[in-house]
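# Tertiary structure, described
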Amino acid sequence: MDEAQLRELTAANPELGGLRDQALAAIAAAGEQAAIEDVRVRFLGRKSRLTEILRSISALPAEQRPVVGRLGNLVRVELGALVEAREAELASASLRSALAHERIDVTLPGEPFLGGHEHLISRTIREVEDIFIGLGYKVAEGPEVETEYYNFTALNTPADHPARSLHDTFFVDAASAGARAGRGADDGLLLRTHTSPVQVRAMEKQPPPVYVVCPGKAYRRDLDATHTPMFHQVEGLAVDEGITLADLKGTLYHFARAFFGTDREIRLRPHFFPFTEPSVEVDVSCGLCGGKGCRSCKYSGWLEILGAGMVDPSLYGFVGYDADKVQGFAFGMGVERMAMLKHHIPDARAFVDNDKRFLEQF
Ligand code: DAH
């Protein structure tokens, strides 16, 4: 609207000129999108004074109508365009500021995605299994809650053996410790103290020949740097015709070298287990000193790795095998112990502490 039009407007209707001035000032003052929307409603809305004036033109004296109609409309169009322009300006300013403040730096390094992996105990069990599977053995499993019969009696461990006391063994229900309660010596339920009962279960399930390894958890009332109340063992059993102690030694020699390294030697020492005759303990030569003697092997050059022996023929009576026809050997190793020896871990409790700084090293 130019100067001449403005003068003409003010002369014809002074209120319109004043409204226009107020609207121009309000548009200039609107600092955000909500404020400019208020200005639009106030000056151009259906209930605004301008709309009211334009609607009531017919009530004006005849000579005023054309001027007010033409110029009033001009003011409406002019203010509408200014409101729109101001609104666009504010919208783009707010977009610019959002872009500046909410910017995402796509070059920042992301949150690391940590991959999990097998626990060292699981991995060690798998390594042991793999070695024996390579020799033709099958993997067998048995229950962790076991009867006194399988855990002790069928393994030649008599009712008065100290291992059967409440002091050494977790009975599921102490009163059910049959041998102790003077009832049936075989019925009590316990957490198996070793994986050897799986030997008996494996032989019950199938006729000879049997070649199995049995990994799993075992439980004893023990807790110190080298013992946890729950631990893992891998049992081995081979029953066939013509098996001798030389087969046991050859098998364990192969195993020790496959597991610890081909520079290792083994030795067998006489020992006693109720379920093998003869029984041995097996040592592997120390990997740190090569057998010369060091702190790790207590200056003996050797590290004990497992118990073993020729299956006592009396066991075959429990499972219906012909003791005159078959022979066999058995062995049992502690998985924690094997992992500790292989990786030089000083404390078995680290396996159950679940400290990631420990677990992530393997
Ligand atoms: N069961 C024995 C233990 O837990 C280990 C063992 C020794 C297992 C000799 C055997 C074996 O199969 O023949 O101490």
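The structure we're discussing is the one just above.
Numbers given to residues run from 1 along each chain, matching the order in which its sequence is written. Only residues with pLDDT of at least 70 are given local features in this predicted model, and only at 80 or more are side-chain atom pairs given and counted; all residues enter the totals for whole chains, interfaces and linings. The basis for the side-chain values is all heavy atoms of the structure; hydrogens and waters are excluded.

### Details of the sheet that holds strand 4 (residues 210-219)
At least two bridges found by DSSP between two strands is the condition for calling them paired. Put simply, DSSP marks the helices as runs of H or I at least four residues long and the strands as runs of E at least two long, and each gets a number from the N terminus on. Reading across from one edge, 1-4-5-9-8-7-6 is the order of the 7 strands in this open sheet, with mixed pairing throughout. The sheet is open, and its two borders are formed by strand 1 (138-139) and strand 6 (266-273), each paired with just one other strand. As paired strands, strand 8 (residues 302-311) and strand 9 (residues 327-334) are joined by 5 bridges and run antiparallel to one another. If you follow Leu-306 over to strand 9, its bridge partner there is Met-333.

### Digging into the site of the ligand
The nearness test applies per residue and asks whether one of its heavy atoms lies within 4 Å of the molecule or strand. Close to the ligand lie 15 residues; His-194, Ser-196, Gln-199, Arg-220 and Glu-235 are nearest. At a separation of 2.5 Å, an oxygen atom of the ligand approaches a polar side-chain atom of Glu-235. Within the backbone of Ala-330, a nitrogen or oxygen atom sits 3.1 Å from an oxygen atom of the ligand. The accessible surface values rely on the Shrake-Rupley method and a 1.4 Å probe; as for residues, cover is taken only from the protein chains in view. In isolation the ligand exposes 360 Å². Once the protein is present, 90% of that is buried. Counting residues per element, the ones that place at least two in the shell around the ligand are strand 5 (230-240), strand 8 and strand 9. Side-chain classes follow a simple rule in which Ala, Val, Leu, Ile, Met, Phe, Trp, Tyr, Cys and Pro form the nonpolar group, Asp, Glu, Lys and Arg form the charged group, and the remainder, Gly included, forms the polar group. Across the shell around the ligand, the residue classes break down as 5 nonpolar, 8 polar and 2 charged. Distance and chemistry together define a polar contact, namely a pair of N or O atoms within 3.5 Å, with one atom able to donate a hydrogen and the other to accept it when in protein, and with adjacent residues in sequence counting only for side-chain atoms on both sides.

### Looking at the packing of helix 6 (residues 120-133) against helix 10 (residues 245-260)
The relative placement of two packed helices is expressed as an angle between their axes plus a distance between the axes. Every angle, taken between N-to-C directions, lies between 0 and 180 degrees, and every axis is a line fitted to C-alpha atoms, over only the stretch in contact when it is a helix. As a packed pair, helix 6 and helix 10 sit with axes 10 Å apart at the nearest point and diverge in direction by 135 degrees. When the axis of helix 6 is compared with that of helix 10, the two are oblique. Crossing of helix 6 against helix 10: the hand is right-handed. Taken together, the residues of helix 10 that come into contact with helix 6 (itself represented by Thr-124, Glu-127, Val-128, Ile-131 and Phe-132) are Thr-251, His-254, Phe-255, Ala-258 and Phe-259. We call two directions roughly parallel when the angle between them is under 35 degrees, roughly antiparallel when it is over 145, roughly perpendicular when it lies between 65 and 115, and oblique otherwise. Helix crossings are classified by the rotation of the near helix relative to the far one: an anticlockwise turn of less than a right angle makes the crossing left-handed, while a clockwise turn makes it right-handed. By the convention used here, residues are in contact when the closest approach between their heavy atoms is within 4.5 Å.

### Quick look at empty space enclosed by the protein
Note on definitions: the grid is 1 Å and covers protein atoms alone; a cavity is a set of points where a 1.4 Å probe fits but cannot get out; a pocket is an open set with protein on both sides within 12 Å along at least five of seven lines; lining residues have an atom within 4 Å of a point. Grid points are joined across faces, edges and corners, and a volume is the space filled by probe spheres set on the points. Counting across every chain of the model gives 1 cavity of 30 Å³ or more. Approximately 30 Å³ is the volume found for the largest cavity. Every residue lining the largest cavity is listed: His-117, Glu-118, His-119, Leu-120, Leu-359 and Phe-362. Considering only residue class, the lining of the largest cavity consists of 3 nonpolar, 2 polar and 1 charged.

### Considerations on helix 3 (residues 33-44)
By definition here, a helix of n residues has an expected span of 1.5 Å times n minus one. Helix length check: helix 3, at 12 residues, gives a terminal C-alpha distance of 16 Å against a target of 16 Å (1.5 Å per residue), a fit within 8%. Looking at helix 3, one finds that the buried residues are Ile-36, Val-39 and Phe-43. Here the buried residues of helix 3 occupy an arc of 50 degrees about the axis, which is enough to place them on one side. Opposite its buried face, helix 3 presents the exposed residues Asp-38, Val-41 and Arg-42, each directed more than 90 degrees away. Considering only its buried residues, helix 3 is in contact with helix 2 (14-29), helix 4 (49-55) and helix 5 (65-101). Under the scheme applied here, a residue whose accessible area is under 20% of the maximum for its type counts as buried, over 50% as exposed, and between as partly exposed, the area being computed with a 1.4 Å probe on protein chains only. The arc refers to the directions leading from the helix axis to the C-beta atoms.

### Things to note about the packing of helix 6 against helix 12 (residues 335-343)
The interhelical angle for the contact between helix 6 and helix 12, taken along N-to-C directions, is 95 degrees, at an axis separation of 10 Å. Here helix 6 is positioned roughly perpendicular relative to helix 12, judged by the angle of their axes. Between helix 6, through Leu-120, Ile-121, Arg-123, Thr-124, Ile-125 and Glu-127, and helix 12, the contact on the second element is made entirely by Val-335, Glu-336, Met-338, Ala-339, Lys-342 and His-343. Partitioned by chemical class, the residues of the contact of helix 6 with helix 12 number 6 nonpolar, 2 polar and 4 charged.

### Focus on the nonpolar core
Put simply, a nonpolar core is a bunch of buried Ala, Val, Leu, Ile, Met, Phe, Trp, Tyr and Cys residues held in one set by side-chain atoms that sit within 4.5 Å of each other. In terms of nonpolar packing, the biggest core is built from 45 residues, with Phe-331, Met-333 and Phe-351 touching the most fellow members. If we ignore the near neighbours within four places in the chain, the residues touching Phe-351 are His-119, Leu-120, Ile-121, Glu-336, Ala-339, Met-340, Ile-345 and Phe-358.

### Focus on the layout of surface pockets
Once rolled over the atoms, a probe with the size of a water molecule shows which space is left empty. Looking at the second largest pocket, its volume works out to about 170 Å³. Around the second largest pocket, the lining residues are Leu-114, Gly-115, Gly-116, His-117, Glu-118, His-119, Lys-356, Leu-359 and Glu-360. Residue composition of the lining of the second largest pocket, by class: 2 nonpolar, 4 polar and 3 charged.

### Here we look at the environment of Ala-339
Mapped onto the secondary structure, Ala-339 falls in helix 12. Ala-339 sits in the buried class, given a relative accessible area of 0%. Once the C-alpha coordinates of Ala-339 and Leu-120 are considered, the two residues, 219 residues apart in sequence, prove to be 7.5 Å apart. Those residues in contact with Ala-339 that sit more than four places away from it in its chain are Leu-120, Thr-124, His-344, Ile-345 and Phe-351.

### A look at the packing of aromatic side chains
Each aromatic ring pair is summarised here by two numbers: the centre-to-centre distance and the angle between the ring planes. Ring geometry is summarised as follows: Phe, Tyr and Trp rings, the Trp one being its six-membered ring, pair when their centres sit within 6.5 Å, and such pairs are stacked at plane angles under 30 degrees, edge-to-face over 60 and tilted between the two. All told, the structure shown has 13 aromatic pairs when counted by the stated rule. Residues Tyr-316 and Tyr-321 carry aromatic rings whose centres are separated by 6.0 Å and whose planes lie at 15 degrees to one another, so their mutual orientation is stacked. With relative accessibility at 9%, the residue Tyr-321 sits in the buried group. Chaining the aromatic ring pairs together yields one cluster made of Phe-132, Tyr-137, Tyr-211, Phe-255, Phe-259, Phe-260, Phe-329 and Phe-331. Working rule: Lys NZ or Arg CZ, within 6 Å of ring centre, within 35 degrees of ring normal, means a charge sits over the ring. The ring of Tyr-150 is capped by Arg-201, whose NZ or CZ atom sits 3.9 Å from the centre of that ring.

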